[in-house]
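# Architecture at a glance
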Amino acid sequence: MFEVAVIEDAAAAEASLDPMRARLLAALAEPGSATTLAAKVGLARQKVNYHLRALERHGLVELVEERRKGNCTERVLRATAKSYVISPSALAAVQPDPGRSPDRLSARWLLALAAQLVRDVGALIAGAAEVRKPVATFALDGEVRFASAADRAAFAEELANAVATLVTRYHDGKAPHGRDHRLVVAVHPSVKTQPKEQ
């Protein structure tokens, strides 16, 4: 089971967004059968089976084992990931394109860049899984508190200059065996999450 999986297919995205199927995916972090899940979610076993078949058809759940119970075979399934991200590729006709209106100070452009990041990394993960190799990535995540808008602007300018200096130092457009890498740096106000109600 993966920690995170990217859903790129529109039909798979639709299947995962159904509220009952989303509940089943969450419950299947641990292997379960239609019978055990029916008791958890309060649905008839036949209805749970219907939803499980849809999730399995789209690769969101997988068979762990089959158990004989009398005249029946009980199928035990689990989710293929602990959590899922829907790629903008699932909405291909309306997916964001950061190339349309680049603006480093626009929150909407930042969102388009983030969507491109999800789409690109999702495609890289899928390709790497096919050849059973890891994807070479690096990420930073942190938080900084600015005393003023002027300090934030100065920080952004220094950050842009530092990144430009590093790119100039390490970029080699003529390297015969070099590989291009995308660099995305973002600064946005922190979002404070509220604790979930029990």
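For the structure itself, look to the data block above.
The numbers attached to residues start from 1 for each chain and follow its sequence in the written order. The predicted nature of this model means local features are confined to residues of pLDDT at least 70 and side-chain atom pairs, given and counted, to a pLDDT of 80 or more, with totals for whole chains, interfaces and linings taken over all residues. Remark: hydrogens and water are excluded; side-chain values derive from all non-hydrogen atoms of the structure.

### Focus on the sheet that holds strand β3 (residues 61–69)
Reading across the sheet, the 3 strands line up as β2-β4-β3 and stay open at both edges, with antiparallel pairing between neighbours. Sheet topology places β2 (32–33) and β3 at the edges, where each strand pairs with a single neighbour. Relative to strand β4 (residues 72–79), β3 runs antiparallel, the two being bridged by 8 bridges. Bridge pairing in β4 places Glu66 opposite Arg75. Here, two residues are considered to be in contact whenever any of their heavy atoms come within 4.5 Å of each other. Angles here are taken between N-to-C directions and fall from 0 to 180 degrees, while the axes themselves are lines fitted to C-alpha atoms, restricted in helices to the stretch in contact. For helices the rule is a DSSP run of H or I covering at least 4 residues; for strands it is a run of E covering at least 2, with both sets numbered from the N terminus onward. On top of the sheet, helix α4 (residues 45–57) reaches β3 and β4; it is set at about 135 degrees to β3, its chief contact. A pair of strands is labelled paired if DSSP reports no fewer than 2 bridges between them.

### Quick word on the environment of Val41
Looking at where Val41 falls in the secondary structure, it is placed in helix α3 (residues 34–41). Type-normalised accessible area, obtained with a 1.4 Å probe on protein chains alone, sets the label of each residue: buried when under 20%, exposed when over 50%, and partly exposed for intermediate values. Among the residues examined, Val41 registers a relative accessible area of 11% and is labelled buried. Residues Val41 and Arg78, spaced 37 residues apart in sequence, show a C-alpha to C-alpha distance of 15 Å. Those residues in contact with Val41 that lie beyond four places of it in its chain are Met20, Arg23, Leu24 and Val48.

### Considering the side chain of Ser33
Relative to the helices and strands, Ser33 resides in strand β2. Beyond its immediate chain neighbours, meaning those up to four positions away, Ser33 contacts Glu74 and Arg75.

### Topic: the pairing of β4
By the bridge criterion, 2 bridges tie β2 to β4 in an arrangement that is antiparallel. From the neighbouring strand, Gly32 faces β4, where its bridge partner is Leu77.

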